[in-house]
Amino acid sequence: MTIPLSVIWKDEQLAILDQRLLPQTVHYETLETLEQVHEAIFQLKVRGAPAIGIAAAYGLALAARRHHTIDIDLFRHYVKQDAAYLVASRPTAVNLAWAIGRLVSRIDQSRTVEQGKAQLIEEAQLIRDEDEAACRSIGEHALELLAEKEKVMTICNAGSIATAKYGTALAPFHLGKERGREFEVYACETRPLFQGARLTVWELQQAGVDVTLITDSMAAHTIGAKGIEAIIVGADRITANGDTANKIGTLNLALLAHAYGIPFYIAAPVSTFDLSLQTGSSIPIEERAAEEVAAIGTQQIAPAGTKVFNPAFDVTPAKYITAIITERGVIRPNDEQTIEAQLYAVPSKGETI
Ligand SMILES: CSC[C@H]1O[C@H](OP(=O)(O)O)[C@H](O)[C@@H]1O
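Model, not experiment: these values are computed from the prediction.

## Observations regarding the sheet that holds strand E2 (residues 13-17)
Strand pairs in the sheet, formed through backbone hydrogen bonds, run parallel or antiparallel to each other.
At step 1: With respect to topology, three strands assemble into an open sheet ordered E1-E2-E3, the strand pairing being antiparallel. The open sheet is flanked by strand E1 (7-10) and strand E3 (28-31), the only strands paired with a single partner. This sheet shows a mean twist of 30° between the axes of neighbouring strands, independent of strand direction.
At step 2: Pairing between E2 and E3: four bridges, direction antiparallel. Within E3, the residue paired with alanine 15 across the bridge is threonine 30.
At step 3: Across the sheet, helix H2 (residues 49-64) touches E1, E2 and E3, and the angle it forms with E1 is around 30°.

Quick look at the structure:
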């Protein structure tokens, strides 16, 4: 797999793959300040629920190095201010707040500022490494579920560049390629920012996976005309009852899967579960600028001043979800066991929820 990593920590520096420039350009931007990290996440230079958590974790650790106090309480106060600023960059993906929360909990145990600074980097690295292992495991479980399926549809990019490596929804295609499993993937372009057309098509082509691009409006016809056998997508936040927030357009696909009688799979690490929320109605849905819909790049599409509604995510009710594929195994939202019970039924390999 020749996919570049989305977040790189090397020689004490943080670099992110600027995904706005893909597929034309593979460019890394070094981020040095908290503001640069916040901007990179808000502008979707780095994007994808796990990837923004990883980038924010390294960003928080990097920013902490600029606090020169030796007072551990004051240091914790400064870091928690920085943490709140980063968490506010994008509200829907719980992985951002979850990753930042792990670092904040870590320094609450630190005895000195120097120890705290070292532990922040250590925790960020742990989060990154755990995510890579989780994504590979998700790929394994997804390959089992897709054993008899070849034609699969997806939306947005829940791929390697949206995570530490391998991806979530795209993980089975990457692992399948390593093992000679061939898939025929249909990628929805994913308006308005085209993560499907720009990122998923590019990523799967780089990996040598058969991928066909369709517009979002073609999904219903394509499922029938091409005999799509399953739909697999990523997630940004999954609540205690299994309701799932993901890229806008995901709910459309879930309703289509239900209508066509094909399985609808969510692929996500346990870090995407937010068991503090009972249902999807509590998930904050990010709304973004009108220009993203009214124009494509610098090309104005709608008349200037047109009213726009631009929610970046939607919520799929658990009843339309066949299974949630995690690194701990397959969770069935409509099972008589609760999601929490199913998640904890499998001994954890050290990852934390
Ligand atoms: C494994 S990525 C999860 C999720 O994040 C993406 O959103 P965005 O491109 O706005 O960061 C998309 O919803 C993916 O499915």
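More follows now that the structure is in view.
## Quick word on the UniProt feature "binding site: substrate" (unreviewed entry) in the protein chain
At step 1: UniProt marks Arg47, Gly48, Ala49, Arg90, Gln195, Asn246 and Lys247 with the feature "binding site: substrate" (unreviewed entry), using the numbering shown here.
At step 2: Its place among the elements puts arginine 90 in the loop between helix H3 (72-87) and helix H4 (94-107).
At step 3: Arginine 90 gets classed as buried once you look at its relative accessible area, which sits at 6%.
At step 4: With respect to the element layout, lysine 247 can be found in strand E9 (residues 244-247).
At step 5: A residue is classified by how much of its surface remains accessible, and lysine 247, at 8% relative accessible area, is buried.
At step 6: If we skip the residues at most four places from it in the chain, lysine 247 touches Arg90, Cys156, Thr190, Gln195, Asp236, Ala312, Phe313 and Asp314.

## Quick word on the domain arrangement of the protein chain
At step 1: If you check the domain split of the protein chain, you get domain 1 (7-131) and domain 2 (141-345).
At step 2: Look at where the C-alpha atoms of domain 1 and domain 2 centre, and you get two points 25 Å apart.
At step 3: If you look at the interface, domain 1 gives 24 residues, while domain 2 gives 28 residues.
At step 4: Among the residues of domain 1 in contact with domain 2, Arg47, Thr92 and Val94 are the three that bury the most area, contributing 29% of the side total.

## Thoughts on helix H6 (residues 171-178)
Since there are 3.6 residues in each turn of an α-helix, residues three or four apart along the chain are aligned in direction.
At step 1: Taken across its eight residues, H6 has six buried, putting it largely inside the fold.
At step 2: Restricting attention to buried positions, one finds in H6 the residues Ala171, Pro172, Phe173, His174, Leu175 and Gly176.
At step 3: For H6, the secondary structure elements touched by its buried residues are helix H5 (113-145), strand E4 (151-155), strand E5 (184-188), helix H7 (195-207) and strand E7 (230-233).
At step 4: Where H6 ends, the next residue or the one after it, glycine 180, has phi of about 80°, a positive value.

## Some points on the site of the ligand
At step 1: The environment of the ligand is formed by 19 residues, the closest being Arg47, Arg90, Asp236, Asn246 and Lys247.
At step 2: One of the side-chain N or O atoms of aspartate 236 is found 2.6 Å from an oxygen atom in the ligand.
At step 3: Against a free-state accessible area of 400 Å², the protein chains account for coverage of 99% of the ligand.
At step 4: Within the residue set of the shell around the ligand, elements represented by two or more residues are H2 and E9.
At step 5: Its residues assigned to classes, the shell around the ligand comprises eight nonpolar, seven polar and four charged.
At step 6: Inspection of the shell around the ligand shows a minimum of three residues originating in each of domain 1 (7-131) and domain 2 (141-345).

## As for the confidence of the model for the protein chain
Close inspection of predicted coordinates is inappropriate for parts of the model with low pLDDT.
At step 1: For the protein chain, the average pLDDT comes to 96, and 97% of its residues sit at 70 or higher.
At step 2: Reported confidence for the predicted complex is 0.98 by ipTM and 0.97 by pTM.

## Some thoughts on the sheet that holds strand E10 (residues 264-267)
At step 1: Spatial strand order, E6-E5-E4-E7-E10-E15-E16: seven strands in an open sheet with mixed pairing. The open sheet has two free edges, formed respectively by strand E6 (210-214) and strand E16 (329-331), since each of these has just one partner strand. The mean inter-strand angle of the sheet, taken between neighbouring strand axes irrespective of direction, is 25°.
At step 2: In terms of strand pairing, E4 meets E7 through two bridges, oriented parallel. Its bridge partner being in E7, valine 152 is matched across the sheet by alanine 230.
At step 3: Each of E7, E10, strand E15 (323-326) and E16 is contacted by H5, which is oriented at about 140° to E15, the strand it contacts most.
At step 4: Along the sheet, helix H8 (residues 219-226) makes contact with E4, E5, E6 and E7, crossing E4 at roughly 170°.

## Notes on the pairing of E4
At step 1: For E4, the buried fraction is high: four of the five residues fall into the buried class.
At step 2: As defined by bridge partners, E4 adjoins E5 across five bridges and the pair is classed as parallel. What sits directly across from methionine 153, in E5, is tyrosine 186.
At step 3: Assessed by its sense of winding, the connection that carries the chain from E4 through H6 to E5 is right-handed.

## Digging into the environment of leucine 74
At step 1: Along the polypeptide, leucine 74 turns up in helix H3.
At step 2: On the basis of relative accessible area, leucine 74 is assigned to the partly exposed category, the value being 32%.

## Looking at the packing of aromatic side chains
At step 1: Under the defined criterion, the tally for this structure stands at two aromatic pairs.
At step 2: When the ring of tryptophan 9 is compared with that of tyrosine 58, the centres are 5.2 Å apart and the planes differ by 5°; the resulting orientation is stacked. Here tryptophan 9 is found in strand E1, whereas its partner tyrosine 58 is found in helix H2, with 49 residues between them in sequence.
At step 3: Taking the relative accessible area as the measure of exposure, tryptophan 9 reaches 17% and is therefore buried.
At step 4: Assessed through its relative accessible area of 1%, tyrosine 58 is described here as buried.
At step 5: Ring centres 5.1 Å apart and planes at 65° place the aromatic pair phenylalanine 173 and phenylalanine 183 in the edge-to-face group. Here phenylalanine 173, found in helix H6, pairs with phenylalanine 183, found in the loop between H6 and E5; they are ten residues apart in sequence, far enough to count as distant.
At step 6: Over the ring of phenylalanine 313 we find lysine 247; its NZ or CZ atom is 4.0 Å from the centre of that ring.
At step 7: Positioned above the aromatic ring of phenylalanine 42 is the side chain of arginine 288, whose terminal nitrogen or guanidinium carbon lies 5.0 Å from the ring centre.

The rules behind each value
- Residues numbered from 1 in each chain as written.
- Predicted model: local features only at pLDDT ≥ 70, side-chain atom pairs only at ≥ 80, totals over all residues.
- Heavy atoms only, no water.
- Pairing = 2+ DSSP bridges.
- Helix = DSSP H or I, 4+ residues; strand = E, 2+ residues; numbered from the N terminus.
- Axes fitted to C-alpha atoms, helices over the stretch in contact; angles between N-to-C directions.
- Contact = heavy atoms within 4.5 Å.
- UniProt positions renumbered as here; feature names shortened; annotations may be inferred.
- Buried < 20%, exposed > 50% of the residue type's maximum accessible area, 1.4 Å probe, protein only.
- Domains from an automatic or database assignment.
- Buried area = accessible area lost by both parts, 1.4 Å probe.
- Near = heavy atom within 4 Å.
- Polar contact = N/O pair within 3.5 Å; in protein donor to acceptor, adjacent residues only side chain to side chain.
- Areas by Shrake-Rupley, 256 points an atom, 1.4 Å probe, with all protein chains shown as cover.
- Nonpolar A, V, L, I, M, F, W, Y, C, P; charged D, E, K, R; others polar.
- pLDDT = per-residue confidence, 0-100.
- Right-handed = clockwise from strand over helix to strand, strands pointing away.
- Phe/Tyr/Trp six-rings, centres within 6.5 Å; stacked < 30°, edge-to-face > 60°.
- Lys NZ or Arg CZ within 6 Å of the ring centre and 35° of its normal.

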